[in-house]
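What follows is each chain in one-letter form.
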Amino acid sequence: MSAIVKPKLKAAREALAKKDYIKAKDASLSVLDYEPENYNAHVFLGLAYLELGDLQQSEQMSLKATTIQPDQPLAWQGLSKLYDKSGDTENYIQVLNKLAHLFLSSNDATKCAENLQKLIECQRKNGTPMQASPAHRLREPAVDVHMQLADALTLLLPESAYYGLLSGLPPPEPTAPTATTTFYAQSAIHDSLPIIEEIVSIIEKHEHDVFTNEVAKRRTRLGAAGPEAVKREVGREVWSSSRLPALYQEILSHPNASDDLRRASEAKLLHFKQQLLYALRSKDDISLKKKLSEEVQDLVSGIVLLNIPNELAWNLHIEGTDAASIEEYDFDMLFRYVRLFPASPLAKLLSAYFSYSHLTEVDSEDKKHGGSEEDFADVIIDGFAEVPNSLLAHRIAAQIYQDEEDLENAVRVAENGLELLLREEQNRAIKLPQVRLGLNVILGTALVHLFPPKHHTRALRIIDEVLSDDSENVKCLMGRAFIQQHAKRWEDARSLFSRVNKLLPDDVHEGLRAREEAAWCHAQTQDPDGGAQELREVITILDLQEGREIDKARCWWRLGKCQWEIGDTASRENAFKSFITSLKRFSTFAPAFTSLGLYYSEVCSPPDPTRASKCFQKAFELDPREAEAARRLAEGFAEEREWDLVEVVARRTIEGEGGLDGGLDSAATSRFQPLNAWAWKAVGIVELTRHRYNAAISALQIALRSEPEDALLWLRLGEAYTKAARLAAALKALEKARELDPAEWKCLYFLGEVYRQSGQYKQAIDVFTNILLEIPSELTVLLALAQTHLEFGRAEQMGGFPARAETSFVSAVRAVLEGLDASPGFRRIAWKTAADALYELSRIPTYTDETSLISILQKAIPLVTAHPLEQLSAVLSIPPAIVEETQSALSRFVLEVCLCAYSYRISLGSLDSSSSASTWYDLGVALMLYARRSGNDSKRDNIDGETIRCLKESVNLAPLDDRYWSALANALFSSKPRLAQHAYVKALELDPKNYVTWTNLGLFYLFHSDTELAQEAFNKAQVLDPDYALAWVGRASLAVALGDQSEASALFEHAVGLAAPVPEADLAFARRSFHAFNTTSGKQGVALDSLFPAFFVLDRYSRQRPDDATGLHLFGLVCESIGHLALGITAIERAVSLLEAAYEETENEEIERQFTVAQINMARLRLSAGAYEEALESYQVAIGLVTEADDPSRAALLAQAHLGCGLAHVKLGNPQAAIESFETALEAAAGDLTLGGSATILLAQTLWSLETEDGREAAKTHLLQSIDSDPDNLMAINTLAGMGILTADDSLIDAALSEILALPVCERHARDPGRDVTYLLVRHHLSQNDPRQALSIVQRAVMHEPSHSKGREELACLLLQRDEPISAQAIVQSSNIPLRRSLGLRAVAEARLGANSARSRAAKAVFWTPWEKRNWLALAYCCSVQDAA
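Residues numbered from 1 in each chain as written. Predicted model: local features only at pLDDT ≥ 70, side-chain atom pairs only at ≥ 80, totals over all residues. Heavy atoms only, no water.

Visitor: Teacher, can you tell me more about the overall build of the protein here?
Guide: If you tally the helices and strands in the protein, you get 74 helices and zero strands. The buried share of the protein, taken over its 1429 residues, is 48%. Taking contacts inside the protein between residues at least 6 apart in sequence as the whole, the part at least 24 apart equals 56%. When the accessible surface of the protein is split by element, carbon and sulfur atoms take 52% of a total near 69,200 Å². (Helix = DSSP H or I, 4+ residues; strand = E, 2+ residues; numbered from the N terminus. Buried < 20%, exposed > 50% of the residue type's maximum accessible area, 1.4 Å probe, protein only. Contact = heavy atoms within 4.5 Å. Areas by Shrake-Rupley, 256 points an atom, 1.4 Å probe, with all protein chains shown as cover.)

So this is what it looks like as structure tokens:
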């Protein structure tokens, strides 16, 4: 075999050499035919395919060769050439990597270096992830291109596996770089610094890009943390696994690195470690963080020691210095910092501080050019803003603020410094207890003197913490002593000041101040002489000091206070001299002016109030903390009634004690107790009078902290709460005031106001009434009582209690009149309340106490008609008078008096345009109501014109009040639609959420037939308030206009069920329900139930609109339908009287027709109730009105009237007159089959009742003629069949029923909805004693119509009659008979079966339907059966 293969392999090799690739391919294939696993044949074939352009086959052959002998480089080199040619970078890099491994294994340094060079070059050009397995394609996650290059470059570094082999390469020859194929590798092996620098630059860029992109991505996540937290989180992830620290260290230790490169790398290393240190979390990475902190500190220490200009290192060193005070810092180090970084903000700040502190060791520009301490302080404060993260800057700025007595900023900066210190300790994993102590000293001592004693609690806590660490800290000892001094614990304060004096006996600053304060404390302990002596010793030392004017003035003033306290005249004169000396030492020392004012007002003889006032003013101008001077000034201004000046003094006093927030934040208001409660009280009362109730509440609350037992303060606070509508709090405050001062009636008054505003009207009325028992003529209380009665009446009226509301409204007017009798003041408010009460009274339909009402009206008329408006005289008579003694006339009279009251209120004038607009609006609204009640068209036009004028006047005076625009639109609703629409739109612009205006706009559009806009307006109104009934009525009316009757019925039904009913909705719903009842076919019980809601809403409607004849008429018809005949007769009688009065006034034909219909209906109800004479009279009245039947409707009325007369005659026992009436009705109803049929039946029944043969024959004849003319007259057929049953005339029965019985079942049921034919047949067979046939008929009816409950009920009755109780019980229990109708049958069936529950079931049937006679019979039967048993 080898003899064949070798020649072919040789031929293939030669063909490849000659570039005869086809021949090489053929030869290689021939070899593979003999040896399929021949390595060389696969290699040659792969090369041939490559040169022939068949890359896929070439790749397959070469890969096959690598699997046969994976450690032979020849096939891999072929693959390398293939992938390089095809541009498959990924596989090319994998193959190069494999070749490098193979040559590493074979110790071929040159070949290995060549492949690594190719690998680096390829990564530099393209960059593709290196794969572990080059045998086949493995897709790894994408890696940054530059990081791939960095990984490739790392292969040339000492830690690489290739470095040992490559180090054997000779050094490069710079003059002949092309002499070898591995020049780049040789250079990298013999000098790795450029490679390391390139790798560092690549990794730096990569980490920066990853950090930036990841931060931006995470910031957009939901629930992302703050920017700094996100940066720290990303930084931990990126920097904790970075290779940069090791690479920086390699550069630092590299022999070829220059000094500049080492410094730059060291700076980068420090910055990197500082970033990572700050990013690590203390709780999770404490050990790593501490280790990293030590490394950072080592780097910093080395840099500072060598004086290297690395600003970050110097800043870290400075900020990490733990010193209790600024003086403990290494100033030599700080001087070097300033010289190294003169342009940095911190260096500028330090330079200014050195100049401020007179430290001459630094040769700063500020020192060269000179400048005052104030200038240097300004430079420090300005520079502080540029270094917000410097602890040293915070300490310097806080110290400067404290030295300059800007305590508020000192506190803020110290607090910020403590927060910064906490962050610095957490970030650097170090502790700086001395720095914390120094900041706490500044914070505590500043809080002591910041508006004392507001912050003393907090300051004491901080000072005690400092003293626990440093018991001899002078500043904190002084601060604690000042706190004790302000709390008037003089001995404790003196002890602390003496301790400081012992610590600093020769110090002329803190030591001497402590000695002065100790002397002052001594003087306050009932020993002014001893204190004065010690103060003189201090003054002796102070007088020897240069400057110190304020200290000198204070000591002299304190000496004067000691002399003042001694009390004798000589001592007080000496005190006066000391006060003068104090001012000589420092002319603007405010306490001395206060003391001089006291001298001039109390000691000077005679007193000099002018000088005293000037001294107090000067003291208060110099220092608002001079509370005594401020109080005396305020008292003087109050005596002169200069309230604005009182407020100015009070507010400045409050500012002097720190205001609401104590100089720091608003939370202080809940902690601080005011020093000057009188100032807060004054401010509270001023704010109360200006109607700024929340501000008044805050001020009064603060005043109460100092004076919690001040009843007047509690009263004012309760008043403020009341007027701010915070009623629960007002109630508590007023109860407290009442407890402190039970005799104060104003407290009770405001309690009544609270009850009124919270809707507890009865309690409010009781309170006001009790006050009036003590002071009966107090106008304020009378007006409040009147307003309470008015609001109570409105609530009662909304609740459906018109009689109670009437009493409340009358009481409101009576209270107003009593108030006007007692005092003429507040007439505008009084007549507003009275007129509103009269307006509400005019809307009440019926009055229960007319005497009281007329009495108060007669009292009010002379008062309100004194100055009537000229325009009002044209629409009503002045003074008004009662024309008729009817409810409607009285209601109109009340409204006319109301109009006069509103008119009189206008004549009184108004204080502002808003009040004036309200008066015109009230008059306009009342005139609208008056116009609706006016029957005269010309008079109504005049009233409408005056209404529009009044409402326009209100709009002109207050154009931003939507109520006035809406009322104007209502007045123009039908007469001027364009103006009305504009007014509605304007009202909605002012208040777009007013659902009433939206509803009115919808009704306006509906009235003018714009259904689309009406729908939108109603929808908007219902969105704003789904429970507003009128919006639902509008929607229902819109549905009616669109022809959707079912939707309209549902909407009306919903409207009448809402809390605030609309009368129009009640009437529309009742009319629809009554119509549905009259047209419903089927079960009478169900239809009757559906009429009950209509009964209730009409009852409500008739109470609200007692003069609406239509509603009363409909109510009477509904009462007739449900059996309330007496109530129905009363309602229709009222409607008849109203229609009669209206007809007499207008003589309208439509009213005449309504009157006739009402008379006929009233007669029918009387007939049903057994009042036959009255019924006959009403029928005759109706007949008299309808003398001529010239149209079908009048003919129908005439026929019905004669039918009713006939029935009345029958009941009165006058059959001949009845027959005449029926015959007349039959003639009148000639063209009406229904009325004609009814007349025929009644005539036949009357003729039959004569019990004569001729009469009976005539009755049959009339019925047969009626059936002949109207075959569908079922009533005539049934009557004729009934006559046949009574006379046992089967032929007559057959003649009557044969036709209807021959009809199909469906048609027969349609013509006989009441199933009267079945009933007659059953009665017929029962009368013939044939119960089986009767049962058969009922069973057939049930089979044809199993859902008909009456048929099943009849079947059960027949089964019980046949003594089949089991079958009857089964029928009743399994059927759809209503339970209340089936209970009696069940009881009888159970009684027949001997069940004990029969009696209770029968009793339940009687309880449910007591009007059903058969249920009583069933109960009697069950009782008898059980008694018999």
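Anyway, onward from the coordinates.
Visitor: What's the story with the side chain of S62 in this structure? I'm lost.
Guide: Tracing the backbone through its elements, the reader meets S62 in helix α4 (residues 55–68). When sequence neighbours within four positions are dropped, the list of residues in contact with S62 reads G46, A75 and L79.

Visitor: Just to check I follow, could you spell out unusual backbone geometry for this structure?
Guide: Where the residue is not glycine, phi is negative for most of them; where a peptide bond is considered, it is trans in most cases. In this model, P452 is joined to P453 through a cis peptide bond whose omega is 5°. The phi angle at A429 is positive, at roughly 55°, despite the residue not being glycine. Tracing the sequence through the fold places A429 in the loop between α22 (407–428) and α23 (433–449). A positive phi is found at S1009, a non-glycine position, where the angle reads about 70°. Here S1009 is to be found in the loop between α51 (995–1007) and α52 (1011–1024). Classification of S1009 by relative accessible area gives exposed; the value is 61%.

Visitor: Please clarify how the pattern of salt bridges should be interpreted in this entry.
Guide: Between side chains of opposite charge, a pair can form as their charged atoms come close. Applying the stated criterion across every chain, the model contains 60 salt bridges. Note that R412 and E408 form a salt bridge whose closest N and O atoms lie 3.1 Å from each other. With R412 and E408 both in helix α22, this residue pair falls four residues apart, about one helical turn. Judged by relative accessible area, R412 falls into the partly exposed class, the value being 33%. (Salt bridge = Lys/Arg side-chain N within 4 Å of Asp/Glu carboxyl O.)

Visitor: How do you make sense of the packing of helix α55 (residues 1063–1079) against helix α57 (residues 1109–1122) when you look at a structure like this?
Guide: Any two packed helices are characterised by how steeply their axes cross, that is the angle between the axes, and by the distance between the axes. Running from amino to carboxyl end, α55 crosses α57 at an angle of 40°, the nearest separation of the two axes being 11 Å. Relative to α57, the crossing made by α55 is left-handed. Where α55 abuts α57, its residues L1067, A1070, R1071, F1074 and F1077 lie against T1110, G1111, L1114, L1117, V1118 and S1121. Classifying every residue of the contact of α55 with α57 by side-chain character gives seven nonpolar, three polar and one charged. (Axes fitted to C-alpha atoms, helices over the stretch in contact; angles between N-to-C directions. Left-handed = near helix turned anticlockwise from the far one by under 90°. Nonpolar A, V, L, I, M, F, W, Y, C, P; charged D, E, K, R; others polar.)

Visitor: Which parts of the structure should I look at to understand the nonpolar core?
Guide: Most often, soluble globular proteins have nonpolar side chains that are buried together. Counting residues in hydrophobic clusters, the biggest one holds 157 residues, and the most contacted among them are L116, L166, L334, L350, I396 and F497. Those residues in contact with I396 that sit more than four places away from it in its chain are I326, L349, L350, Y353 and I380. By size, the runner-up hydrophobic cluster in this structure holds 156 residues, among which are A699, V810, A815 and A1021. (Core = buried A, V, L, I, M, F, W, Y, C linked by side-chain atoms within 4.5 Å.)

Visitor: Sorry if this is basic, but what is going on with the environment of E1064 here?
Guide: Within the secondary structure layout, E1064 lies in helix α55. Separated by 12 residues in the primary sequence, E1064 and F1052 place their C-alpha atoms 9.6 Å from one another. Within polar-contact distance, the side chain of E1064 engages the side chain of R1105 at 3.1 Å. (Polar contact = N/O pair within 3.5 Å; in protein donor to acceptor, adjacent residues only side chain to side chain.)

Visitor: Would you take a moment to explain the side chain of E796 for this structure?
Guide: Tracing the backbone shows E796 in helix α41 (residues 779–798). R804 is the oppositely charged side chain nearest to the buried, salt-bridge-free E796, at an N-O distance of 5.6 Å. Ignoring sequence-local partners within four residues, the contact set of E796 consists of F801, R804, A805 and S808. (Lys, Arg positive; Asp, Glu negative; His and termini not counted.)

Visitor: Honestly, a negative patch on the surface in this entry has me stumped. Any pointers?
Guide: A cluster of acidic residues, D375, D378, D382, E386, D403, E404 and E405, forms a negative patch at the surface. The element contributing the most residues to the negative patch is helix α20 (residues 373–384), with three residues. With respect to the helices and strands, E386 occurs in the loop between α20 and α21 (391–403). (Patch = residues over 30% accessible without salt bridge, like charges linked within 9 Å, V, L, I, M, F, W, Y side chains within 5 Å. Charge placed at Lys NZ, Arg CZ, Asp CG, Glu CD.)

Visitor: How do you make sense of α22 when you look at a structure like this?
Guide: Helical geometry note: an α-helix holds 3.6 residues per turn, so side chains three or four residues apart project in the same direction. The first and last C-alpha atoms of α22 sit 31 Å apart over 22 residues, in line with the 32 Å expected at 1.5 Å per residue. At the C-terminal side of α22, A429 shows a positive phi close to 55°. (Expected span 1.5 Å × (residues − 1).)

Visitor: What is the right way to read the packing of aromatic side chains from this model?
Guide: The geometry of an aromatic ring pair is captured by the separation of the ring centres together with the interplanar angle, meaning the angle of the planes. Counted according to the given criterion, the structure contains 28 aromatic pairs. When the centroid spacing of 5.0 Å and the interplanar angle of 45° are considered together, the rings of Y921 and Y964 count as tilted. In this pair, Y921 sits in helix α47 (residues 913–932) while Y964 sits in helix α49 (residues 962–971), placing the two residues 43 residues apart along the sequence. Pair check on accessibility: Y921 and Y964 agree, each one buried. Chaining the aromatic ring pairs together yields one cluster made of F973, Y984, F1004, Y1005 and F1007. When the ring centre of F801 is taken as reference, the NZ or CZ atom of R804 above it lies at 4.3 Å. (Phe/Tyr/Trp six-rings, centres within 6.5 Å; stacked < 30°, edge-to-face > 60°. Lys NZ or Arg CZ within 6 Å of the ring centre and 35° of its normal.)

Visitor: Can you walk me through helix α60 (residues 1172–1185) in this structure?
Guide: The end-to-end C-alpha separation of α60 is 20 Å, in line with the 20 Å expected for 14 residues at 1.5 Å each. Taken together, the buried residues of α60 touch α59 (1149–1169) and α61 (1192–1211).

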